Amino acid sequence: MSGIAFRNNVTDKKMSTNINNAKIMLLSGGIEFTRTGRVSLDALLEQEERYMEILVTKIFKLKPNVLLVARSVSRRAQELLKKANIALIQYVKPALMTRIARQTGATVLTSIDHVTNGASILGHCRRFRLVTFRDNDRWVDGVESDTGSQTASTHSEASEKKCVSSLLLENLPNHERQAVLAAKKLGQEVLDGRDAVVSGLMKRGVVKTLVMIEGCPKQLGCTVIIRGATRPALKQVKKVLLFMINAAYNMKLETSYVIERSARLPTTYKIPPALCSSSSLCVDFGQPPNNRKIRPWNGSQKEEGRSSSISGKITPLDHQAILITSIWMTGQTQCCPAEVKDYSMQDVSLGQFLRDSCFNLALKCQNPSCKKSVIDHSLSFIHNDGVINITVERMDNPIPISGLKKQLDSNDTASTSKQEKTTEDKDADAPIATWTFCTKCQIVVTPLQFISKQTWQWSFGKFLEVYFYNRDAIMNAPGHGCSCQMQSKSILYFGCGNLAARFSYERINPYSVFCRRHLPFDENFHRLHSLQDLERIITTSSTLFEKFDRQIEIISRETRELFDSAINKPEHLQAVLSELNLVTVEVDNASKVLQERVSAVTAKYSKTDQKLFNDEALFNFPWYSRRYLFMLSVAWNERLSAAGQAVSAMKKVQYAGSSEGIVAGDASTDDVIESMRRMRSLQESYSRNYNVRNMTMSRNPKDELGIFEGNILPDGQTVTLEQEDEEEFLSDQEIQFDEEDVDADVLASRNRMNSPQGRSSRSRPKKGTNREESDDLDTSNMVSEHTLMALSENQGKSKAVTAGGAVKSAITRFFNRGGGKDQDPYIVDLGMFGKGRPRLQPGINGMIIPVFDDQPSTIIAHSLASSDYDNQFKQFISASQPESRPSKDFSRKDIERRMLGRNKSHIKHTFRDFDAKGQQLCKFVCTTFWSVQFNSVRQAFMNPNLSGSKDSSANDDVANAFSGSKFDVERSYIRSLATSFAWAASGGKSGASFSRTTDDRFVIKCISRTELQMFLDCAPAYFEYLSKAFFHGLPTVLCKIVGVYQIGYHNRVTGKRTMEQVAVMQNIFFGRNISRIFDLKGSLRGRFTRQGNPEKETDTSESKQEKNISSTRSDSYSSSSDDGSNSSHDDYESDGSSIVESVRKGQHSNAKTARDSEKKEKKASIPTLLDGDFLEFTNGRPLPLTDRAKAVFHMSILNDTLFLSIINVLDYSILVGIDEEKMELVVGIIDFMRQYDILKQMERVGKSLPMVVGSEAPTIIQPPLYKARFTNAMERYFMTVPSKWTSI
């Protein structure tokens, strides 16, 4: 019908229900009398009656036939309107009233007080009537309905349908039976409202009444009435019908646009087999990204508007809206933050957009600081993978409009309606032309043509949809020979007067956001690193063995020369040669055994299936080997020194005998006797405790850690070390060492052979019964205890130290610094094997962690691996966990409970290094703050098994695959900290020193005492926040701090004393190929890097980085230049290369690891840029992010800044790294350890004094203001790129 139909009824049955040529009046208010004041009832009724008569009289004068009111009408006014024969309908919705006004031409009145002319406000229609039909949602003729068979007991419920035939057979009350009869008589017929009343079929609950306003102008719309099914089914039909009407109308308008663009499809185009999801031509939305189970945005946030089809599949009905991100730019400056707009079927037309947003010079920018017109701005629309840039340019000459009237007459159909003529006049007053320029052909390929009315009325949302998704259309310009792609190779122009709007398209690739949650452990890197260390050990140890051979040869030559003298006793000379021969045999045997052992380990761990072996054994093997060689070399040096001193004494005797006669008791003779006695003592001691030949590799597959069965490298701790551990732990509260501890350390460093395991290994034959092995073990235990007591007695004689002796010792150390190597000419320099302080006590399970003074992480790793730390940590765990449960039970609940613990768990560990003479070389102190809480943080964010399950006990087999539920994470953490190098991080202004672990997992930052104290104060809040992030899914981009320590050392040799605080944090760029790094704070004041020559600085930084790495690695596993390693490198090059080649053939991933290590070294050359550089990189526009990435990133920023503002932290920044390979932004908030104290307040005031009006605020402001500025900047720096699958 050409008009409107809606469900309603007149207020009285006696009012007219069928009026021809009706005049309709619309009133948005109501007709009521408002009572004010206290008045008697009679007076009140009289006032109401007079007021109603006045209002109704004014309505009479306008002479309407139908009155539609949005609100209620008083009873007196209804009676007066009924007498005047005016049909009254109440409670008409405002939206419906607007539609009626549009169809009938009526004016919606708010009041009738000042209305005098009814012709201008009344609407007209050819016919007004009411129709009545049965309510099929409640009544059916058959015996079944959609809800099943109905009975008499349920027919009274309004939600159920009533079966007419069944109800007639039942004994019902009279009024219910009359309703059933009326429903049967109506059937599927439609009656006039008056006829239904007269026939008595107008029963409540039986019929429905529609008000029909018919005979309106056709071009203004129509109404389709659908009947014959249930309401849910009719709703689905209504949605489909509306879509079909919209699709047909859109196709008509889009065809006009395509013709004017001179576009066509290529001849090779094939219709895709998938169902079309759009009403536009050649538009394919594809599938949801990453198999996302979500329905596309359809322009409605209500559940009704987002209801799916009956089948539940995505249909074209779900693709009737598009989300667009729009940005207004002035040059390279954002005028307003990026805004997401919704364009649906009810949006603005293309012509309206061009006239209002492009050619309206009166439109000013919304930014108060800009206020420029559209001609000074550029507008960008971003969606999916493309950007439409719109700029308005001023042309030299206006567009000629001489042929406009002829074009309009040929293209448009004349209409007699008043509204249509008005629209044509408006279009003619503001004509818009279009043409296309091909960027490939560099010519205008379409003629100048004014857009038609259909193109003007085309939906702007559909225009954007076609622009973004129609990638198949090509230009149809045979006269110019152009058939280029319309989307990417052409520029669309719209012109109006002397203004031209330029539409250009460019492809983009939005980034996703990656925030490191789990930090994996790269076993391949550490495996390759260990194998490379073994190769260097083989090369360097061969040089060391050659040095011993040369030294033995020199002493042997000097000894043989003394045989010609009759003064020296031949048995003494023979004893010296015998001792030298024993040392030679041991050196040769050690060289052979070491090479065989390294080859066996390399062959074992170069197999393809690495899961069969425990990599922990391989990781420990290089330092076990170095320590083993160190202990042997120290013993050889002592024996060579004793032999050399004996030879030197014999030379003195010979020289004295040649000049004078030998006198009994002469000093030279006494020296010979003393040297021989010392040589025999050392020979007996080392022959009893060292057995190089029986040093074999452990064959027990369950004991992979037992690399050496001999006492040289014991698996566990010796008796001496256990006693030392106990004493050290008990006296740890007293920071100073006593003399007993000194003796214990001397005993541990010089007499490692006294351990029971070493004795058992020495006396145990290669093949024997278990009884024989146990007997040997008992015997060795007795010898060990006897030797221990003897050595303790001998060393106890020199424990008393006077004040003068202490001063003398200090003076001696001061003057002898650096000159101790040349004192004994008979010893061999150990080179790299003496570095890393190998005399330090091994940790738990025999773990050996070297300590380097210039690597703070090694001090931390050694402390964490010590038994001292382990004992104190277990005490804290048992104190916080009163129930008797194992300490290694790391379920999610246990980790969360320990992370939220409020009790302090600081552990202070002190350890010392001594030389061969028992003098203290260096003292180390490491304080671990919040050890239990940080251990829980590491268990949560570094355990790959915990994040995937609710309880770690459910995956015991997987969790124990590494080396235990607890030590899995802790040992990997210690292994990473064991080696590090200095890192010159660029871009920061704090001047803090950084270092990075060799495996690139962690960054160690030196912090001030103030920052340390501030962080310790807010540490409980930090742990609570991380608990919410991990266990409750709170989005966060904080760079996790996994440990805070205070470390120090006092080197007695060099006199250097230092104490510093460090924070160990995750390296957010671990395992990523980062091309650019930005440090963003949200402020532009002083946030621009100044680089003179980038290439030169890059080369310099690379050389510095290589120098740092090479120097660090030389301390770790390379020998110094004076070792002579370069001279013997060629001799062992073939052996070393064969080992590496076998490893690389067995490990496919080693090549990748090597490439990764090269990338790590190049990362230091990447400068860290600031906010100003970021805006320069993006040309002032926000960096595009995918919809889901932007949502999570925005929520994370809000959470983190709110948390940091609550704990009064400021001056933090976000580190953004761009990974071009994966198109990801690797982000993390850093530097959140400084609170807003009095120093920061003074800094803010100092930076604010030289400010001028309009300049940027200083970076230091109050935390709430800092939070607001930071979040606003993130909105300006990053924008969301919506797609058809984006939801709001």
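The present account deals with the structure reproduced in this document. (Residues numbered from 1 in each chain as written. Predicted model: local features only at pLDDT ≥ 70, side-chain atom pairs only at ≥ 80, totals over all residues. Heavy atoms only, no water.)

### Here's the deal with the nonpolar core
Reasoning step 1: Counting 104 residues, the largest nonpolar core has Ile1041, Ile1214, Ile1229, Met1274 and Phe1278 as its most contacted members.
Reasoning step 2: Sequence-distant contacts of Ile1229, defined by excluding residues within four places in its chain, comprise Val1037, Leu1038, Cys1039, Ile1197, Asp1200, Leu1204, Tyr1212, Ser1213, Ile1214 and Phe1270.
Reasoning step 3: In this structure, Phe548, Val598, Ala617 and Val672 belong to the second largest nonpolar core, which totals 49 residues. (Core = buried A, V, L, I, M, F, W, Y, C linked by side-chain atoms within 4.5 Å. Buried < 20%, exposed > 50% of the residue type's maximum accessible area, 1.4 Å probe, protein only. Contact = heavy atoms within 4.5 Å.)

### Observations concerning unusual backbone geometry
Reasoning step 1: Backbone geometry at Asn21 places phi at a positive 50°, although glycine is not the residue there.
Reasoning step 2: Along the chain, Asn21 turns up in strand E2 (residues 18–27).
Reasoning step 3: A positive phi angle, close to 50°, is found at Trp930, a residue other than glycine.
Reasoning step 4: Within the element layout of this structure, Trp930 appears in the loop between strand E27 (920–928) and helix H25 (931–941). (Helix = DSSP H or I, 4+ residues; strand = E, 2+ residues; numbered from the N terminus.)

### Points about the packing of aromatic side chains
Reasoning step 1: Counting across every chain of the model gives 39 aromatic pairs.
Reasoning step 2: Judged by centre distance (4.8 Å) and plane angle (35°), the ring pair of Tyr257 and Trp458 falls under tilted. Remark: Trp458 occurs in the loop between helix H11 (453–456) and helix H12 (460–469) and Tyr257 occurs in helix H7 (residues 231–261); sequence separation between them is 201 residues. An identical accessibility class is assigned to Tyr257 and Trp458; each is buried.
Reasoning step 3: Arranged with centres 6.1 Å apart and planes meeting at 85°, the rings of Trp458 and Phe463 form a pair that is edge-to-face. Note on accessibility: Trp458 and Phe463 belong to one class, buried.
Reasoning step 4: Ring pairs connect the aromatic residues Tyr257, Tyr343, Phe353, Phe381, Trp458, Phe460, Phe463, Tyr467, Phe468, Phe494, Phe503 and Tyr505, which therefore count as one cluster.
Reasoning step 5: The aromatic ring of Phe514 is capped on one face by Arg1072, whose charged end is 4.6 Å from the ring centroid. (Phe/Tyr/Trp six-rings, centres within 6.5 Å; stacked < 30°, edge-to-face > 60°. Lys NZ or Arg CZ within 6 Å of the ring centre and 35° of its normal.)

### Comments concerning the sheet that holds strand E30 (residues 1002–1007)
Reasoning step 1: With antiparallel pairing, the seven strands of this open sheet are ordered in space as E26-E27-E31-E32-E30-E29-E28. The open sheet is flanked by strand E26 (907–914) and strand E28 (980–983), the only strands paired with a single partner. On average, each strand axis in the sheet is inclined to that of its neighbour by 25°, with strand direction left out of account.
Reasoning step 2: The pairing of E30 with strand E32 (residues 1057–1066) spans six bridges and is antiparallel. Considered in E32, the bridge of Ile1007 is made with Gln1061. (Pairing = 2+ DSSP bridges. Axes fitted to C-alpha atoms, helices over the stretch in contact; angles between N-to-C directions.)

### Describing the side chain of Lys1190
Reasoning step 1: Assignment of secondary structure puts Lys1190 in helix H34 (residues 1187–1206).
Reasoning step 2: For Lys1190, a relative accessible area of 9% puts it in the buried group.
Reasoning step 3: Residues within four places of Lys1190 in sequence aside, it is in contact with Leu1185, Glu1275, Phe1278, Met1279 and Thr1280.

### Thoughts on the pairing of strand E23 (residues 490–496)
Reasoning step 1: Of all the seven residues making up E23, seven are buried; the element is thus mostly covered by neighbouring parts of the structure.
Reasoning step 2: Residues Ser490, Leu492, Phe494 and Cys496 of E23 are buried on one face, and the alternating residues Ile491, Tyr493 and Gly495, pointing to the opposite face, are buried as well.
Reasoning step 3: Bridge count between strand E19 (residues 433–438) and E23: six bridges; the pairing is antiparallel. The residue of E23 that forms the bridge with Thr436 is Leu492.
Reasoning step 4: The pairing of E23 with strand E24 (residues 499–507) spans five bridges and is antiparallel. Each bridged residue has a counterpart across the sheet, and for Leu492 the counterpart in E24 is Phe503.

### A few points about helix H28 (residues 1009–1017)
Reasoning step 1: Among the residues making up H28, those that are buried are Glu1011, Leu1012, Met1014, Phe1015 and Leu1016.
Reasoning step 2: At its buried positions, H28 is contacted by H25, E30, helix H29 (1019–1031), strand E31 (1041–1051) and E32.

### Here we look at the packing of helix H13 (residues 523–561) against helix H14 (residues 570–605)
Reasoning step 1: Direction vectors running N to C along H13 and H14 enclose 165°, while the axes themselves pass 10 Å from each other. Judged on the interaxial angle alone, H14 and H13 are roughly antiparallel. Between H13 and H14 the crossing geometry is left-handed. (Parallel < 35°, antiparallel > 145°, perpendicular 65-115°, else oblique. Left-handed = near helix turned anticlockwise from the far one by under 90°.)

### Things to note about the environment of Thr1089
Reasoning step 1: If you trace the backbone, Thr1089 turns up in the loop between strand E33 (1076–1080) and helix H30 (1094–1117).
Reasoning step 2: Among the residues examined, Thr1089 registers a relative accessible area of 19% and is labelled buried.
Reasoning step 3: In this structure, Thr1089 is in contact with Thr1168, Leu1169, Leu1170 and Asp1173, ignoring residues within four places of it in sequence.

### Section: the side chain of Arg639
Reasoning step 1: Note on placement: Arg639 falls in helix H15 (residues 615–659).
Reasoning step 2: Separated by 2.6 Å, the side chains of Arg639 and Glu579 make a polar contact.
Reasoning step 3: Setting aside residues up to four positions removed in sequence, Arg639 forms contacts with Glu579, Leu582, Val583, Glu586, Leu682 and Tyr686. (Polar contact = N/O pair within 3.5 Å; in protein donor to acceptor, adjacent residues only side chain to side chain.)

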